[in-house]
Structures are given as C-alpha cells and as structure tokens.
Amino acid sequence: MSNSRPIRVLLVDDHSLFRKGIATLLNAESDFDVVGEAADGREALEMARGLMPDIILMDLSMPQMDGLEATRRIKAEIPHVRIVILTVEEAEQSLFEAVKNGAQGYLLKKIEPRALFDTLRGVAQGEASISRMMAAKLMREFSRQANRAGSGADRSPELSPRGHEVLGLVAQGKSNKEIAAALAIAENTVKNHLKNILEKLHLENRVQAATYALRAGLGKHPPKTTA
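First, a word on scope: everything that follows refers to the structure included in this document. Within each chain, residues carry numbers counting from 1 in the order of the written sequence. Owing to the predicted nature of the model, reporting of local features is limited to residues with pLDDT of at least 70; listing and counting of side-chain atom pairs is limited to 80 or more, with chain, interface and lining totals taken over all residues. By convention in this description, side-chain values take in all heavy atoms of the structure and omit both hydrogens and water.

The next subject is the packing of helix 7 (residues 161–171) against helix 8 (residues 176–183). In contact at an axis separation of 10 Å, helix 7 and helix 8 are set at 135° when each is read in the N-to-C sense. Classified by the angle their axes make, helix 7 and helix 8 are oblique. Crossing of helix 7 over helix 8 shows right-handed handedness. Residue-level contacts link Arg 162, Glu 165, Val 166, Leu 169 and Val 170 of helix 7 to Ile 179, Ala 182 and Leu 183 of helix 8. Each residue gets one of three labels, nonpolar for Ala, Val, Leu, Ile, Met, Phe, Trp, Tyr, Cys and Pro, charged for Asp, Glu, Lys and Arg, and polar for the others, Gly among them. Of the residues that constitute the contact of helix 7 with helix 8, the class distribution is 6 nonpolar, no polar and 2 charged. The axes are straight lines fitted to the C-alpha atoms, using for helices just the contacting stretch, and the angles between their N-to-C directions are given from 0 to 180°. Under the scheme used here, helices are H or I runs from DSSP no shorter than 4 residues and strands are E runs no shorter than 2 residues, and both carry numbers assigned from the N terminus. In this scheme, roughly parallel covers angles under 35 degrees and roughly antiparallel covers those over 145, while 65 to 115 is roughly perpendicular and the rest are oblique. If you view the pair so one helix is near and one far, a crossing is left-handed when the near helix is turned anticlockwise from the far one by less than a right angle, and right-handed when it is turned clockwise. Contact between two residues is taken to exist if any of their heavy atoms lie within 4.5 Å; hydrogens are not considered.

Have a look at this one:
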C-alpha cells in the first residue's frame, strides 16, 4: 500500500461510545482516516461495499449479524479488504473461526493505543503477526479440530527448503525486511516467496500462513541461511 494517503478505516462495534473513542484516537494520527462507523455486521457489510476501506476494525458480539459472519461475508465479496478483530473475547474457538474466515489480526480491547496503531500499520503493509499468546490458543484449537477429524496429518503441497525458511520466520512474527536480512535475500524475493506459499497452501493471508507454520512445527528455531 502506498504511503501517499492515510489508511482508510471502517469501525464496527455496537457500542457508540467505544467507536467514538477509537475514531478520535485514530483520527489524531496523520496516517489514519476513519471513513465510517457501523453498529453491527449487516451495516458493516453495506458500508464496506460503498466505502471500500483499507482496514475494517471489527467487534465480534453484535446484534443483527456478528463479527465472524460479517468477516466471512465481507471477505467473500471484497477479498482485498483487511479485517482486524478487536474484541473482549479470548475464546480459542472465536480466534480460530476469525482466522479461518480471513481476519488478518485478532486483538483484545485492553490493548494500548500505540500497539493498536502499530498493528494496523503492519496490517496495511501486509505484515500483520499474531502474538505468542494468540498463537498458543490457535495451536490448542488446531489440535482439537484435528482430533475431532481423526487425524492431525497435513497433506498440503510440499514447499521448497527456502519456502520453509520463509514460513518459519513468518511464524516468528518477522517482517519482510527482517526475513530478507536473516536469509540474505532481497525484500522483493521474500514477497515472491510469500505469494507462492499462500498459493501452494491455499491460504488467504499472512496470519493464516503463520498459524499453518506453527501447526506444522515451523518457527521454533532460527533458520539456516543457506543459498
């Protein structure tokens, strides 16, 4: 995304006072522009169609249509829109469903403003990461899902050794620049590897790639910097 204009944000929360507070904080930053506010998921879907924001900051528990369903529908219609869940809910199933439905981030409402700003900027650049706490929750939910399915085996297409290295660093929360430095390759090469990884594994975004890597046991150790 170009830095020539502010990041356009749509806020979705059924508590007006909370929305207004977040809007005030974001608008005070020169690189954010709150372009709309929605009180439920149905309204968010309608506004997203008209406003085409860069990022949607989405609550989970709302009337009419909850945040998970709204995320699924919006991503189905407007796949390039990036959605970050901002909620009080820490339930592992909600986190799992949000990521599965295409959310690029999952934050708790107790987050500090500066951390929120930094996360949204990362999402706008396609470099969102998940916290260790959230990763641990996802791993537990993945394990439960695998047990219910009767198998934890992964049969996704095999990645190249370099692809595994890149994916492992994504799981560690590294940015493209940091991955490039660690592997002594160009940043554009990292972007190309990530594009190939998402296509091969049939994943939608970086967060899904990170959770896939964690499930596969990648990201536990620094990769070797082989050519």
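The next subject is the sheet that holds strand 3 (residues 55–58). The strands making up a sheet associate through backbone hydrogen bonding, with each pair oriented either parallel or antiparallel. Strand order in the open sheet formed by 5 strands is 2-1-3-4-5, with parallel pairing between adjacent strands. Two strands bound the open sheet, and with one partner strand each, they are strand 2 (32–38) and strand 5 (105–108). Across the sheet, the mean angle from the axis of one strand to that of its neighbour is 25°, orientation sign disregarded. A strand pair is defined by DSSP finding two or more bridges across the two strands. In terms of strand pairing, strand 1 (residues 7–12) meets strand 2 through 6 bridges, oriented parallel. Across the sheet, residue Ile 7 finds its bridge partner in strand 2, namely Phe 32.

Note on helix geometry: an α-helix contains 3.6 residues per turn, so any two residues three or four positions apart are oriented the same way. Relative accessibility thresholds used throughout: buried, under 20% of the residue-type maximum; exposed, over 50%; partly exposed, between the two (1.4 Å probe, protein chains only). Within the span of helix 8, buried status applies to Asn 176, Ile 179, Ala 180 and Leu 183. For helix 8, the angular spread of the buried residues around the axis is 100°, confining them to a single face. Along helix 8, the residues that are exposed and aim more than 90 degrees away from the buried face are Lys 177 and Ala 181. Just downstream of helix 8 lies Ala 184, where phi reads positive at about 55°. Working note: the arc is built from the helix axis to C-beta atom directions.

The set of buried Ala, Val, Leu, Ile, Met, Phe, Trp, Tyr and Cys residues whose side-chain atoms join them within 4.5 Å is what this entry labels a nonpolar core. Val 12, Ile 56, Met 58, Ile 74, Ile 83, Ile 85 and Tyr 106 are the most contacted members of the largest nonpolar core, which totals 28 residues. Among the secondary structure elements, those contributing two or more residues to this core are strand 1, helix 2 (41–51), strand 3, helix 3 (67–77), strand 4 (82–87), helix 4 (92–100), strand 5 and helix 6 (132–149). Here this core takes 4 residues from helix 4, the largest share from any one element. Apart from the residues within four sequence positions on either side, Val 12 is in contact with Ala 38, Asp 40, Ala 44, Ile 56, Leu 57, Met 58, Asp 59 and Met 62. With 20 residues, the next largest nonpolar core counts Val 166, Val 170, Ala 180 and Leu 201 among its residues.

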